[in-house]
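Below, each chain spelled out in residue letters.
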Amino acid sequence: MTVPIDSATVTDPDAAVDRLPFGQAFAALPPAFFTRLQPTPLPAPYLICASAAAAALVSVDPAAFSSAAFIETFTGNRIPTAAQPLAAVYSGHQFGVWAGQLGDGRAILLGDLPAPSTPAPHVLEVQLKGAGATPYSRMGDGRAVLRSSIREFLCSEAMAGLGIPTSRALCVTGSDQLVMRETPETTAVATRMAPSFIRFGSFEHWYYNDRPQELRLLADHVIDRLYPQLRNNANPYQALLAEVARRTADMIAQWQAVGFMHGVMNTDNMSILGLTLDYGPFGFMEAFDARHICNHTDQGGRYSYAMQPQIGQWNCFALGQALLPLIGEVEDVQEALAGYQPHFKARMDALLHAKLGLATTADGDSALIDAMFAALQASHVDFTLFFRRLGNLRRDDPLQDAPLRDLFIDRTAFDAWAVQYRARLLQEDSSDLVRKLAMDATNPKYVLRNYLAQVAIEKAQNKDFTEVARLLAILEKPFDEQPEHEPYAGLPPDWASHLEVSCSS
Ligand code: AMP
Ligand code: MG
């Protein structure tokens, strides 16, 4: 949906961008919460890719993507009339340790745009990530490299395609200006959007600085703006914690179900809305290993696949600690947090039943599911291919199992499990056709495998941006067959096993 702002915008995309109707809801908080500042321009920016689906949310016409105003605005070189750029302060626990003040070290908020099709308050805040240093940059340069910006752009839109709560990505622009990482790399700016970028760490910031007034202002802002239905609750702050815990559990169950690993689940990366936020060294599970660590920097495996649900809960406890002065009693905090585990379990269970194409629940289902994961683990089976191919299983014809069975090193283990699974399908009189349709709508065929991102990044580093656009188009429809893109659904090539993704970005 595209709503021209006035008649001039129909013919002039530059004017349309300059007149984007930015609101400033976050800036209604007192000055202590943020610093107003201008982005630092980058020389000769160019468009790498933009998402028409994300643009539609804020009524931006894709015709504007190639305009000078669009590229310059979403690089930080040109500021729309109504924007009042700012960077917000927050703190956080990193790898389980209190890290003190962090903040938008390289993200600059332009303001919020009307987003009529999104849930209330029907706005999306627009942030430029990598648009220059802020008072919260600490030792950093305020920049982001092309590699990490393309990854964030693609994964945001891939997660949206999977139906998983996430910040969105409007576009990514680049510049030939170099910044130093392990080697010199060119810079980029990813423009991301979410109803709010407030994090658990935003609350921890005021709690650990002993600023109860600001803590309350922030909680009231979040409740009034993002959770108005909680306002009339007897203890709205307790209700807020319970709802955030529920959403977080829900989000992480969805991560587990597609094999998504965030990689850096620090409390400063946890959204108060339960959105997947701050894409860094994330990964999608390939050869299944519950202990898999996608972030090369995370040597202890704190954020491994199997740990994510527990860490989500740990993070909710950190939020509960910060909200304690508002909630009142420790018991009330505990009560709010008590919902996390049962909610996670119920959601995970429902998702796993859907992944297996089971329409009912029965005694023995957890044993069936445990046995499946044990077999996947023992054979290090590709997670995405397994579930997608499982949808093709014929209830009464094991002779057609080969494409699925061949994913297992230990074929007898698969055969043993398949006997149990078939018995279960028989028990609910499952129809092959109905089950396959349902499973294909829940088990994606296409996920952002690291090597796919890597290929697109290397081409982009050579100024060929076509692969980024192709991947975006594929990942927007991850459940569709897309036979013309079959190779993108295959096993990763051998060279991909050497890929390492660290926090460097
Ligand atoms: P992250 O691990 O990317 O979530 O970042 C943790 C903190 O470091 C946040 O406060 C970021 O804003 C900040 N940060 C990360 N990279 C940079 C950078 N290149 N320049 C400035 N701040 C950064
Ligand atoms: Mg972060």
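Residues numbered from 1 in each chain as written. Chains lettered and ligands numbered in written order. Predicted model: local features only at pLDDT ≥ 70, side-chain atom pairs only at ≥ 80, totals over all residues. Heavy atoms only, no water.

### So, the domain arrangement of the protein
For clarity, the cut-off: Segmentation of the chain into domains, including their bounds, is taken from an automatic or database domain assignment.
When the domains of the protein are assigned, the result is domain 1 (13-197) and domain 2 (358-440). One C-alpha centre belongs to domain 1, the other to domain 2, and the line joining them spans 42 Å.

### Observations concerning the packing of helix α9 (residues 308-327) against helix α10 (residues 330-337)
We apply this condition: Between N-to-C directions, angles cover 0 to 180 degrees, with each direction set by a line fitted to C-alpha atoms, over the stretch in contact for helices. Secondary structure elements follow DSSP: runs of H or I no shorter than four residues count as helices, runs of E no shorter than two count as strands, and numbering proceeds from the N terminus. Small angles under 35 degrees read as roughly parallel and large ones over 145 as roughly antiparallel, with 65 to 115 read as roughly perpendicular and the rest as oblique. Handedness of a crossing follows from how the near helix is turned relative to the far one, being left-handed for an anticlockwise turn of less than a right angle and right-handed for a clockwise one. Contacts between residues were defined by any pair of non-hydrogen atoms, one from each residue, lying within 4.5 Å. Classification used: nonpolar for Ala, Val, Leu, Ile, Met, Phe, Trp, Tyr, Cys and Pro, charged for Asp, Glu, Lys and Arg, polar for all others including Gly.
Interhelical geometry of α9 versus α10 gives an angle of 140° and a closest axis separation of 9 Å. Judged by the inter-axis angle, α9 sits oblique to α10. α10 is crossed by α9, and the crossing has right-handed handedness. Where α9 abuts α10, its residues Cys 316, Phe 317, Gly 320, Leu 324 and Ile 327 lie against Val 330, Asp 332, Val 333 and Leu 337. Classifying every residue of the contact of α9 with α10 by side-chain character gives 7 nonpolar, 1 polar and 1 charged.

### Brief notes about the packing of helix α5 (residues 146-162) against helix α17 (residues 450-461)
Where α5 contacts α17, the axes come no closer than 10 Å and their chain directions differ by 130°. Classed by the angle they form, the pair α5 and α17 counts as oblique. The two elements α5 and α17 meet at a crossing, and its hand is right-handed. For the pair formed by α5 and α17, the contact residues are Leu 146, Arg 147, Ile 150 and Arg 151 on the first element and Asn 450, Ala 453, Ile 457, Ala 460 and Gln 461 on the second. Split by residue class, the contact of α5 with α17 holds 5 nonpolar, 2 polar and 2 charged.

### What to know about unusual backbone geometry
Ala 120 connects to Pro 121 through a cis peptide bond whose omega is 15°. Secondary-structure assignment places Pro 121 in the loop between β6 (107-114) and β7 (123-129). Backbone geometry at Asp 429 places phi at a positive 50°, although glycine is not the residue there. Residue placement: Asp 429 occurs in the loop between α15 (411-427) and α16 (432-440).

### Examining the packing of aromatic side chains
Our working definition: Stacked, tilted and edge-to-face are the three classes applied to pairs of Phe, Tyr and Trp rings, where Trp contributes its six-membered ring and a pair requires centres within 6.5 Å; stacked means planes under 30 degrees apart, edge-to-face means over 60, and tilted covers the rest. Buried, partly exposed and exposed residues are distinguished by accessible area as a fraction of the type maximum, computed with a 1.4 Å probe on protein chains only: under 20%, between the cut-offs, and over 50%, respectively.
Counted by the stated rule, this structure contains 24 aromatic pairs. With 5.0 Å between their ring centres and 40° between their planes, Phe 95 and Tyr 303 make a pair best called tilted. With Phe 95 in the loop between β4 (91-94) and β5 (97-101) and Tyr 303 in the loop between β12 (283-284) and α9, this residue pair connects regions lying 208 residues apart in the sequence. Overall, the relative accessible area of 31% leaves Phe 95 in the partly exposed class.

### Comments concerning the nonpolar core
Test applied: We define the nonpolar core as a collection of buried residues of types Ala, Val, Leu, Ile, Met, Phe, Trp, Tyr and Cys that are connected through side-chain atoms lying within 4.5 Å of one another.
Ranked by internal contacts, the top residues of the largest apolar core, which has 155 residues, are Phe 74, Phe 203, Ile 272, Phe 386 and Leu 390. Examining the composition of this core, we find that 13 residues originate from one element, helix α8 (residues 236-258), more than from any other. In contact with Phe 386, not counting residues within four places along its chain, are Met 372, Leu 376, Val 381, Leu 404, Leu 407, Phe 408 and Trp 417.

### Observations concerning the coordination of the magnesium ion (ligand 2)
Note the cut-off: As a rule, N, O and S atoms within 2.8 Å of a metal are its donors, except that Na, K and Ca use 3.2 Å; water is not among the atoms, so sites may look incomplete.
Protein-derived coordination of the magnesium ion (ligand 2) comes from Asn 269 (OD1) and Asp 278 (OD), at a distance range of 2.0 to 2.1 Å. Look at Asp 278 and you get buried, because its relative accessible area is 12%.

### Points about the pattern of salt bridges
Formally: The salt bridge definition used is simple: a Lys or Arg side-chain nitrogen within 4 Å of an Asp or Glu carboxyl oxygen.
One pass over the full model with this rule turns up 32 salt bridges. For Glu 157, the salt bridge goes to Arg 168, with nearest N and O atoms at 2.7 Å. Here the residue Glu 157 occupies a position in helix α5, and Arg 168 occupies one in strand β9 (residues 168-180), the gap between them amounting to 11 residues. No difference in accessibility class separates Glu 157 from Arg 168, as the two residues are buried. With its nearest N and O atoms 3.0 Å apart, the salt bridge here joins Arg 231 to Asp 220. Here Arg 231, found in the loop between α7 (212-226) and α8, pairs with Asp 220, found in helix α7; they are 11 residues apart in sequence, far enough to count as distant. Residue Arg 231 is classed as partly exposed on the basis of its relative accessible area, which comes to 27%. Beyond isolated ion pairs, a larger network of salt bridges with shared partners links Arg 388, Lys 436, Asp 440, Lys 445, Glu 481 and Glu 486.

### Considering the side chain of Thr 384
Summarising the element assignment, Thr 384 is placed in helix α13 (residues 383-390). With a relative accessible area of 6%, Thr 384 lands in the buried category. Non-local contacts of Thr 384, meaning those with residues more than four positions away in its chain, are made with Met 285, Pro 444, Lys 445, Val 447 and Arg 449.

### A few points about the pairing of β9
The condition that has to hold: Should DSSP find at least two bridges between two strands, the strands are regarded as paired.
Of the pairings in the sheet, the one linking strand β2 (residues 46-50) to β9 comprises 4 bridges and is antiparallel in character. Its bridge partner lying in β9, Tyr 46 is registered against Gly 174. Strand direction decides the pairing type here: β9 and strand β10 (residues 184-194), joined by 10 bridges, are antiparallel. The residue of β10 that forms the bridge with Gly 174 is Ala 188.

### Overview of the site of ligand 1
Applied cut-off: Here a residue counts as near a molecule or strand whenever at least one of its heavy atoms sits within 4 Å of it. Pairs of N or O atoms are called polar contacts if they sit within 3.5 Å, as long as, within protein, a hydrogen donor faces a hydrogen acceptor (for residues adjacent in sequence, only side-chain-to-side-chain pairs). The Shrake-Rupley method, run with a 1.4 Å probe sphere, supplies the accessible areas, and residue values consider only the shown protein chains as cover.
Lining the immediate surroundings of ligand 1 are 17 residues, of which Gly 103, Gly 105, Arg 138, Gly 142 and Asn 269 lie closest. Within the backbone of Gly 105, one N or O atom sits 2.8 Å away from an oxygen atom of ligand 1. Burial of ligand 1 by the surrounding chains reaches 81%, relative to a free accessible area of 480 Å². Along the lines of polarity and charge, the residues of the shell around ligand 1 split into 2 nonpolar, 7 polar and 8 charged.

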